[in-house]
Amino acid sequence: MNKPLIFRIVTIGAVVVLLWIALQMVLGIVHERGVYRDQAERSIWQSYAGPQTLTGPVIVVPYKEIIAVPPPADRPLTQNAVPAPLAPYREEMRQLLVFPKSLRVQTAITPSERYRGIHKTIVYETASELSGTIELPDPKARPELPESTHHVRFEIGQPYVVVGVADMRGLVSEPVIALDGTAVQLSQGTRLPSLPQGLHGRVDVSGAAGKPAEARVVPFSMKLAVLGARAMAVTPVAGLNQFSMQSPWPHPSFDGDFLPRQRTVTADGFRAEWSITSFNTRVREQLATQQGVHDLQAASVTLMEPVNIYVQAERAVKYGLLFVVLTFAGLYLFELVKSLRIHPIQYLLAGLALAIFFLLLVSLSEHVAFVLAYLTASAACIGLLGFYLSFVLRSWQRGLGFAALLTALYGALYGLLVSEDNALVLGTALLFVTLAIIMAVTRKVDWYAVGGGQGAVAAGMQPADEVSKQTAAD
């Protein structure tokens, strides 16, 4: 058993474990900075407005059901018993929702940026035009309503129209909806349990009395301007929904429940169009519930940042251990091929320089563009390692060569970061090429002789003194 070689490998392995712990600490710092960034973003939302979702319009018909309460079934009956009083009644308040027949929403999104310290978030102002048709309820007709056991009668209340706005702080001006040519003033609140925030207004349905259903279908229109942040969404509440959104922001993410039927994304911005029917969605069922709903199905777009520095930095740190292993493999090859002795402390210092790179990367990227931060951090670490290893390897040419190998390694890492879809194949190819190089360089190494007092002896190669002795003997 080659005990010196095993001891050498165990020692280097221990150094790798220490550096892995250091990388985990760096990863923790990246996560912490990411949390600070999210907190800064939410603090901007608290002063501005958060992600917006427009819902409606929907006509709500409140009604009351009168239900008789039967007497207890186990009450004993006697000949001289006092007659029971009239059966008591109880009332239950419910709501009937009338959804639009058609809904068209055209939205123009104007983005901007807001800062909290060094952190920023994408905000916007929208100008939306809502139009379509909706059926007015007949105040004289008895709607088809579900009856409870012991039902007595229904009492229909005053209908009102509801428009949902996810964050009312973003409302820019007083909104007005035109219903069948009549302006309906809106007030804050929805009076609809499933829609926490929005507007409502009383609807005059006296003109719809006695008319057939086809004659009660009227047009509506509304202009709505709201402020928001990051995401903009519209819920498909109508039988036929047609949405369009356009913005000069060139980095959209269509991440709602429905992908657009048509979309165009260029350096000058994007335009997207949706066409959704009531058969494609369960929004109506969600709104009909008696509880607040925070995840209504919607067509939405998110204004993404071109580069999320914390996501990129986190991905980079996850490749940190691979960096350390490949660098140590290169150093150990120098030990074998050049019969050098590199102390574990020197391995540790070289590994710490690699770990510092990731800390430099995340700290610099908070102030400058990610690509510039990457170039600066990698240049600093490559320069430091090249300078240090020129003394460790006892030759500035070797130090320069090792710096060139590190440059190729950092270039490969950047390729992995910017090409997320191809990261697996690129990383696999990098490992394969590295393994092939190691196998090619060490193909003649006599591993039994390594660490056994003879240095790195390759098959077919002998130290100079043994060659001279063999020549004299011949």
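Residue numbers run consecutively from 1 along every chain, following the written order of its sequence. Predicted model: local features are reported for residues with pLDDT of at least 70 only, side-chain atom pairs are reported and counted for 80 or more only, and whole-chain, interface and lining totals are derived from all residues. Side-chain measures here rest on the full set of heavy atoms in the structure, leaving out hydrogens and waters.

Empty space among the atoms becomes visible once a probe the size of a water molecule is rolled across them. Of the two site types, the cavity is a set of points on a 1 Å grid over the protein atoms alone where a 1.4 Å probe fits but cannot get out, and the pocket is an open set with protein on both sides within 12 Å along at least five of seven lines, each lined by residues with an atom within 4 Å of a point. Grid points are joined across faces, edges and corners, and a volume is the space filled by probe spheres set on the points. Considering only enclosed or pocket space, the largest pocket measures out at about 570 Å³ in volume. Around the largest pocket, the lining is made up of 24 residues, and of these Met 304, Glu 305, Pro 306, Val 307 and Asn 308 lie nearest the centre. Secondary structure elements are taken from DSSP: a helix is a run of H or I of four residues or more, a strand is a run of E of two residues or more, and numbering for both begins at the N terminus. Elements represented by at least two residues in the lining of the largest pocket include exactly α1 (3-47), β4 (119-135), β17 (299-303), α3 (309-318), α6 (370-392) and α7 (396-418). Along the lines of polarity and charge, the residues of the lining of the largest pocket split into 12 nonpolar, 5 polar and 7 charged. Domain start and stop points were drawn from an automatic or database domain assignment. Lining the lining of the largest pocket are residues from two domains, each supplying at least three of them: domain 1 (3-32 + 309-447) and domain 2 (51-69 + 90-303). When its volume is computed, the second largest pocket comes out at roughly 490 Å³. Looking at the lining of the second largest pocket, the elements that each hand over two or more residues are α4 (320-338), α7 and α8 (423-441). Broken down by class, the residue content of the lining of the second largest pocket amounts to 15 nonpolar, 3 polar and 1 charged. Residue type decides the class: Asp, Glu, Lys and Arg count as charged, Ala, Val, Leu, Ile, Met, Phe, Trp, Tyr, Cys and Pro as nonpolar, and the leftover types, Gly among them, as polar.

Before going further, it helps to examine the UniProt feature "transmembrane region" (unreviewed entry) in the protein chain. UniProt positions are given in the numbering used here, feature names are shortened, and annotations may be inferred rather than shown by experiment. In this structure's numbering, the residues bearing the UniProt feature "transmembrane region" (unreviewed entry) are residues 316-334, 346-365, 371-393, 400-417 and 423-441. Taken end to end, residues 371-393 has its terminal C-alpha atoms 31 Å apart, with 96% of it in helix and 0% in strand. When the span residues 400-417 is considered, its composition is 100% helix and 0% strand, and the gap between its end C-alpha atoms is 26 Å.

Turning next to empty space enclosed by the protein. This structure, assessed with the given rule, holds 1 cavity of 30 Å³ or more. Reported here for the largest cavity is a volume of approximately 30 Å³. In this structure, the largest cavity is lined by Thr 55, Gly 56, Val 58, Val 162, Val 163, Gly 164, Leu 192, Leu 195 and Leu 287. Those elements that place two or more of their residues in the lining of the largest cavity are β1 (52-68) and β6 (160-165).

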